[in-house]
Amino acid sequence: MMIFGYSTNAFKKFTLIDSIEKIARLGFRGVEIMGDRPHLYPPDFAEKQLEHLNEVLAINKLTVTNLNSFTLFAVGDTYLPSWIEPEKERREIRIRHTLDSLQIAKKLGCRNISIPPGGPLVGSSRQQAMKLFHQGLERVVVTAEALGVMVLVEPEPDLMIETTAQCKEFIQEVKSEAIGINFDIGHFFCVGDDPRQAFEELFQWIGHVHIEDIAPSRAHNHLIAGQGAIEFKAIFETMVRLGYSGHISLELYPYLDAPEEAGRESLEYLRPIFKAAGMALEG
């Protein structure tokens, strides 16, 4: 059964355990965990801490919808270290983070992690950067396949992979079914694509979905659902028609001062739309 979760990256002012408990109290049945400080940066977590985390998830009856391994604030920033930086040691940090995240996801019973596509493109050609990205993914795909955890590339405005066309160009060259796409509805809207059409074209590779609203200007700023211009019902109907069975996570990281209010308002707005679109969600 499909599960709707809320990302802990909106709760960076709280501990991971506090974030999980707050998300459960809001009525979500899933949680996307930020795989970075201040929440779950893999080197910070010993086996006993992971066991305790699993206990907390069980007590709160939450499924981990995704391990969000996009950012690297622990050693860098939102995008860097990147898959496509010229310095090998920088790329190695990103590769190691991804390998560690795969192991963590397996221990949490999570079937996917999300990663950035590399970028911004600075100082190198697109062709060379894409070659480095594929080489990096080759280093992690064996582990992903062995663990049964998918590595989902998340297209992002201003990074190397932004659009539906760029996604298709990239993913069609990938030889492993362990590599897929984390479909962020708002990101496709930001770059001028129709999210409904994008979902249809990329459906076979989509392993997880991010939800947020975006203003009519298409500026890349995550908004509470209902405060922007995205037509969610048409997108949800497309997901139902195609038989999407992955999980969905609300991602509202700009609302650090009011994450519970933002989550509650989004949930109240989206629930009737899910129902009207015929989408069956656990809980």
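In the block above lies the structure referred to throughout.
Conventions we followed
- Residues numbered from 1 in each chain as written.
- Predicted model: local features only at pLDDT ≥ 70, side-chain atom pairs only at ≥ 80, totals over all residues.
- Heavy atoms only, no water.
- Core = buried A, V, L, I, M, F, W, Y, C linked by side-chain atoms within 4.5 Å.
- Buried < 20%, exposed > 50% of the residue type's maximum accessible area, 1.4 Å probe, protein only.
- Helix = DSSP H or I, 4+ residues; strand = E, 2+ residues; numbered from the N terminus.
- Contact = heavy atoms within 4.5 Å.
- Pairing = 2+ DSSP bridges.
- Axes fitted to C-alpha atoms, helices over the stretch in contact; angles between N-to-C directions.
- Right-handed = clockwise from strand over helix to strand, strands pointing away.
- Expected span 1.5 Å × (residues − 1).
- Lys, Arg positive; Asp, Glu negative; His and termini not counted.
- Salt bridge = Lys/Arg side-chain N within 4 Å of Asp/Glu carboxyl O.
- Polar contact = N/O pair within 3.5 Å; in protein donor to acceptor, adjacent residues only side chain to side chain.

Draft legend 1. Broad picture of the nonpolar core. Within the largest apolar cluster, 86 residues are counted, with the highest numbers of intra-cluster contacts made by Tyr6, Phe133, Phe170, Val209, Ile211, Phe236 and Ile248. Element by element, the count of residues in this core is highest for helix α4 (residues 126-147), at eight residues. Filtering out sequence-adjacent residues up to four positions away, isoleucine 248 remains in contact with Met2, Ile3, Phe4, Gly5, Thr65, His208, Val209, Ile211, Met239, Phe274 and Met279.

Draft legend 2. View of the environment of glycine 5. With respect to the element layout, glycine 5 can be found in strand β1 (residues 4-7). In the structure, glycine 5 is positioned 157 residues away from glutamate 162 in sequence and 24 Å away in space, judged by C-alpha atoms. If we ignore the near neighbours within four places in the chain, the residues touching glycine 5 are Phe28, Gly30, Val31, Thr65, Ile248, Ser249 and Leu250.

Draft legend 3. Summary view of the sheet that holds strand β4 (residues 112-115). If you walk around this closed barrel you meet the eight strands as β1-β2-β3-β4-β5-β6-β7-β8, and the pairing is parallel. With strand direction ignored, the average angle separating the axes of adjacent strands in the sheet is 30°. Bridge analysis of strand β3 (residues 63-68) against β4 gives two bridges, and the strand direction is parallel. Bridging from a neighbouring strand, asparagine 68 pairs with serine 114 of β4.

Draft legend 4. Main features of unusual backbone geometry. Across the junction of arginine 37 and proline 38, the peptide omega takes the value 15°, indicating a cis bond. Note that proline 38 resides in the loop between β2 (30-34) and α2 (47-59). A cis amide bond links glycine 119 with the next residue in sequence, proline 120, at an omega value of 0°. Inspection of the secondary structure assignment puts proline 120 in the loop between β4 and α4.

Draft legend 5. The pairing of strand β6 (residues 179-184), seen in detail. Taken across its six residues, β6 has six buried, putting it largely inside the fold. Bridge count for strand β5 (residues 150-153) against β6 is three bridges, and the pairing is parallel. For valine 151, the partnering residue across the bridge sits in β6 and is isoleucine 179. Tracing the backbone out of β5, into helix α5 (residues 164-171) and back to the parallel element β6 gives a crossover that is right-handed.

Draft legend 6. Layout of helix α3 (residues 88-107). Here α3 spans 29 Å end to end across 20 residues, near enough to the 28 Å set by a 1.5 Å rise per residue. Turning to α3, its buried residues are Arg91, Arg94, Ile95, His97, Thr98, Leu99, Ser101, Leu102, Ile104 and Ala105. Residues of α3 that are buried make contact with α2, β3, β4, α4 and β5. Remark: glycine 109 follows α3 within two positions and exhibits a positive phi of approximately 70°.

Draft legend 7. Inspection of the side chain of arginine 91 at higher detail. Its place among the elements puts arginine 91 in helix α3. One buried charged residue, arginine 91, remains without a salt bridge, the closest side chain of opposite sign being glutamate 92 at 6.5 Å. A polar contact of 2.9 Å, which involves the side chain of arginine 91, links it to the backbone oxygen of proline 86. Setting aside anything within four residues of it in sequence, one finds arginine 91 in contact with Ser82, Trp83, Ile84, Glu85, Pro86 and Leu132.

Draft legend 8. Inspection of the pattern of salt bridges at higher detail. Counted under the stated rule, the structure contains eleven salt bridges. A salt bridge links aspartate 100 to arginine 96; the shortest N-O distance between them is 3.2 Å. Taken together, the residues span about one helical turn, with aspartate 100 and arginine 96 both in helix α3 at a distance of four residues. Residue lysine 233 is joined to glutamate 237 by a salt bridge in which the shortest nitrogen-to-oxygen separation is 2.4 Å. Linking lysine 233 with glutamate 237, this pair stays in helix α8 (residues 232-242), spanning four residues, or about one helical turn. Given the relative accessible area of 39%, lysine 233 is considered partly exposed.

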